[in-house]
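Single-letter residue listing:
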Amino acid sequence: MEALTTQDGRRLAYERTGSGPTLICHGGGPGFSSLYLGNLRGLDDRLELVLLDPRGTGGSDRPADPRAYSIDDYVGDVEELRLDLGLERINLFGHSHGGIVAMAYAARHPDRVERLILASTLARWAPEQEGAMEQAIASHRDEPWYADAKAALDAEQAGKFETDEELADLALREFPFYFARYGDKERAYVESLRGDTPNADTLRLFNQEIFATFDLRSALEKITAPTLVVTGADDFITGPASAAEIEQGLADVAKVIIPGCGHLVFVEAPEAFGEAVASFLGVPSAA
């Protein structure tokens, strides 16, 4: 793993994998390292992925200020990474909270973004999405894992965790909701994340102070880069309605909705996801 030292003295870590055009990748949570992105299910066969560990996760230091996890703070880290890599313009991928960061970055630095990929993300949390989320969650009520996953999700959203380890336990238990279907492949994926300790400070701040109030709709008109918006049809947080709202705000946009797929599109539908990204970036299809 490589790293740079930020202007305020923090270590900001990232991993390079694969070869081809460079794609800077920012994951979500917030509070999770790049581990959950993996190699985006084989995209490193066609691209050089630069997988950033966001501040306070994985190999990246926490800021001295436990509240230094605003969207703007994350945007600043992406710009420091771009400068460290010596790239005039970047292809930028953001998943979930990483998509929020990517949109904000592309709006602030439109001349620095060549192409933008937004996966399973949203420009705001609209009040009407609450009912849709509850309905999507309830659709799994007959699953054997439902009761435990629902209890964990409720506890996480209510901030009922004090330590990183407590958050890690809740996150693993609630993960089934992030898939359209929670089968053996998805269980194996979740197990592969065990041991990656998330950052409770940033998720607590986001859930309690940022999630319900942030709104990037007015920023979308500042984005000039061609943009791909991709999401799962059954994503219980950032599904087609969120993708449509982002699409409406952008001048140059393509949208892909993957059927039978939840929030982790690159896990559930790696082929469809990979082909959508490769086609958008103009790289060869998988052999």
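Everything numeric here is computed off the predicted structure, so don't read it as measured data. (Residues numbered from 1 in each chain as written. Predicted model: local features only at pLDDT ≥ 70, side-chain atom pairs only at ≥ 80, totals over all residues. Heavy atoms only, no water.)

Packing of helix 1 (residues 71-85) against helix 2 (residues 97-108) leaves a shortest axis separation of 9 Å and a crossing angle of 70°. As judged from the angle between their axes, helix 1 and helix 2 are roughly perpendicular. Regarding helix 1 and helix 2, the two cross each other, and that crossing is right-handed. Residues Ile 71, Asp 72, Tyr 74, Val 75, Val 78, Glu 79 and Arg 82 of helix 1 lie in contact with helix 2, whose contacting residues are His 97, Ile 100, Val 101, Ala 104, Tyr 105 and Arg 108. Along the lines of polarity and charge, the residues of the contact of helix 1 with helix 2 split into eight nonpolar, one polar and four charged. (Axes fitted to C-alpha atoms, helices over the stretch in contact; angles between N-to-C directions. Helix = DSSP H or I, 4+ residues; strand = E, 2+ residues; numbered from the N terminus. Parallel < 35°, antiparallel > 145°, perpendicular 65-115°, else oblique. Left-handed = near helix turned anticlockwise from the far one by under 90°. Contact = heavy atoms within 4.5 Å. Nonpolar A, V, L, I, M, F, W, Y, C, P; charged D, E, K, R; others polar.)

Turning to the packing of helix 4 (residues 146-157) against helix 5 (residues 164-174), a few remarks are in order. It is the contact of helix 4 with helix 5, at a shortest axis distance of 8 Å, that shows an interaxial angle of 135°. Of the possible angle classes, the one that applies to helix 4 and helix 5 is oblique. Crossing angle aside, the handedness with which helix 4 passes helix 5 is left-handed. For the pair formed by helix 4 and helix 5, the contact residues are Asp 148, Ala 149, Ala 151, Ala 152, Leu 153, Ala 155 and Glu 156 on the first element and Leu 167, Leu 170, Arg 173 and Glu 174 on the second. When its residues are assigned to classes, the contact of helix 4 with helix 5 shows seven nonpolar, no polar and four charged.

Pairing is mixed across the open sheet formed by eight strands, whose spatial order is 1-2-4-3-5-6-7-8. The sheet is open, and its two edges are formed by strand 1 (2-5) and strand 8 (253-258), each paired on a single side. Neighbour-to-neighbour, the strand axes of this sheet turn through a mean angle of 20°, independent of strand direction. Pairing analysis gives six bridges linking strand 5 (residues 90-95) to strand 6 (residues 113-119), with the strands arranged parallel. In the strand pairing of strand 6, Gly 94 is matched with Leu 118. Contacting strand 1, strand 2 (11-17), strand 3 (22-26), strand 4 (48-52) and strand 5, helix 1 runs over the sheet at an angle of about 60° to strand 2. This element, helix 11 (residues 270-281), spans strand 3, strand 5, strand 6, strand 7 (227-232) and strand 8 of the sheet and lies at about 160° to strand 6. (Pairing = 2+ DSSP bridges.)

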